[in-house]
Structure formats: C-alpha cells, structure tokens
Amino acid sequence: MGDVWTWIISFLILITLVGLIVYQLICLADLEFDYINPYDSASRINFVVLPEFILQGLLCLLYLVTGHWFMALLCVPYLYYNFQLYSKKQHLIDVTEIFNLLDWEKKKRLFKLAYMILTLFLTIFWLIYSTLDDYED
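From a predicted model like this one, the values you see are computed outputs, not experimental measurements.

A. Molecular detail of the overall build of the protein chain. Helix and strand counts for the protein chain come out as 4 helices and 0 strands. For the protein chain, the succession of helices and strands along the chain, N to C, is α-α-α-α. With the C-alpha coordinates of the protein chain rotated into their principal frame, the extents come out at 60 × 30 × 20 Å. For the protein chain, the residues scored as buried account for 39% of the 137 residues in total.

B. Structural view of the packing of aromatic side chains. Per the stated rule, a full pass over the model turns up 8 aromatic pairs. On the numbers, 5.9 Å between centres and 45° between planes, the contact of W7 with Y63 is tilted. With W7 in helix 1 (residues 2–32) and Y63 in helix 2 (residues 38–66), this residue pair connects regions lying 56 residues apart in the sequence. Like W7, the residue Y63 is buried in the burial classification. A centroid spacing of 5.1 Å and a plane angle of 70° characterise the contact between F125 and W126, whose relative ring orientation is edge-to-face.

C. Looking closely at unusual backbone geometry. The backbone of D34 sits at a positive phi, close to 65°, despite the residue not being glycine. By the secondary structure assignment, D34 is in the loop between helix 1 and helix 2. Despite not being glycine, K89 shows a phi value in the positive range, around 60°. Among the secondary structure elements, K89 is positioned in the loop between helix 3 (69–87) and helix 4 (102–136). Looking at K89, the relative accessible area reads 68%, which means it is exposed.

D. Broad picture of the packing of helix 3 against helix 4. Where helix 3 meets helix 4, the axes come as close as 11 Å, and the angle between the chain directions of the two elements is 160°. On the basis of the axis angle, helix 3 is roughly antiparallel to helix 4. Two packed elements cross with a definite hand, and for helix 3 against helix 4 that hand is left-handed. Contact residues: helix 3 offers F70, M71, L74, C75, P77, Y78, Y81, N82 and L85, while helix 4 offers K108, K112, Y115, M116, T119, L122, T123 and W126. Class assignment of the residues belonging to the contact of helix 3 with helix 4 gives a composition of 12 nonpolar, 3 polar and 2 charged.

E. Representation of the nonpolar core. L14, L17, I21, L59, Y63 and M116 are the most contacted members of the largest nonpolar core, which totals 25 residues. In terms of residues, this core owes the most to one element, helix 1, which gives 9 residues. Listed in part, the 11 residues of the second largest apolar core include A42, I45, I98 and L102.

Analysis parameters
Residues numbered from 1 in each chain as written. Predicted model: local features only at pLDDT ≥ 70, side-chain atom pairs only at ≥ 80, totals over all residues. Heavy atoms only, no water. Helix = DSSP H or I, 4+ residues; strand = E, 2+ residues; numbered from the N terminus. Buried < 20%, exposed > 50% of the residue type's maximum accessible area, 1.4 Å probe, protein only. Phe/Tyr/Trp six-rings, centres within 6.5 Å; stacked < 30°, edge-to-face > 60°. Axes fitted to C-alpha atoms, helices over the stretch in contact; angles between N-to-C directions. Parallel < 35°, antiparallel > 145°, perpendicular 65-115°, else oblique. Left-handed = near helix turned anticlockwise from the far one by under 90°. Contact = heavy atoms within 4.5 Å. Nonpolar A, V, L, I, M, F, W, Y, C, P; charged D, E, K, R; others polar. Core = buried A, V, L, I, M, F, W, Y, C linked by side-chain atoms within 4.5 Å.

Here it is as structure tokens:
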C-alpha cells in the first residue's frame with residue numbers, strides 16, 4: 001500500500017508542476033498578444049520559477065528515497081538543467097530582454113511541459129500497476 005501512496009504523492013506533485021509550467025506559458029502568451037506589460041509578465045513568471053525548481057527536486061528525492069530508480073533517473077536530466085540555470089543565475093526572466101527572448105522562453109517551457117507530461121503518464125501507469133498489484137495480494 002505504501003507504493004500506491006508514493007505514486008499518488010508523485011501524481012499530485014506532477015500535476016502541480018504541469019500547472020506551474022502552463023501558468024508560465026499563459027503569461028508569455030499574454031505578453032506576446034500584448035494583454036499585459038513586460039514587467040507584470042516577468043514578475044509573475046519569476047514568482048513561480050523557484051517553487052517549480054523546489055518541487056522538481058522534491059519529486060526526484062521522493063523517487064530516490066522510495067527506491068524507484070527508473071523514475072529517479074528520468075528526473076535527473078531535468079533536475080540538472082534546473083540546477084545549471086539556477087547556478088548561472090539564468091533562471092529568472094529579465095524584464096528588459098523578455099521580448100527578445102520570448103520565442104526561446106516559450107520553447108523552453110513547451111519542452112518542460114512535454115517532459116512533465118511524459119513523466120505524468122509514466123506515473124499514472126505505475127500508479128495503476130501498483131494498485132492492481134496490491135489488489136491481487
């Protein structure tokens with residue numbers, strides 16, 4: 001039963017991460033269509049970047065602690081990418097450069113979204129598999 005709870009917690013964390021990434025994409029789309037100004041868009045995105053990084057680190061740690069090595073290895077490249085962005089101080093969006101980097105920022109977040117959705121599907125698979133496996137016992 002403990003395995004099922006691990007997958008449920010993982011599912012909730014992943015849904016939160018997908019929500020944060022979609023929120024960032026919506027802010028960038030609003031900026032592109034001139035619904036909000038660059039300062040508001042940058043401040044909204046910068047507000048959720050650090051919680052996204054922390055949640056991703058907690059997710060990877062959860063997989064390591066619970067012994068789900070494949071999922072932990074799947075999370076390592078994304079965690080490393082986030083660490084590199086944070087260590088180079090490139091994790092925040094600059095208000096003055098946001099229009100020049102708009103396409104790049106959208107592509108980055110779309111790649112993150114695709115990566116998180118893949119991880120979410122794998123988590124749903126393992127959640128169902130663990131539930132059925134516990135039901136047979």
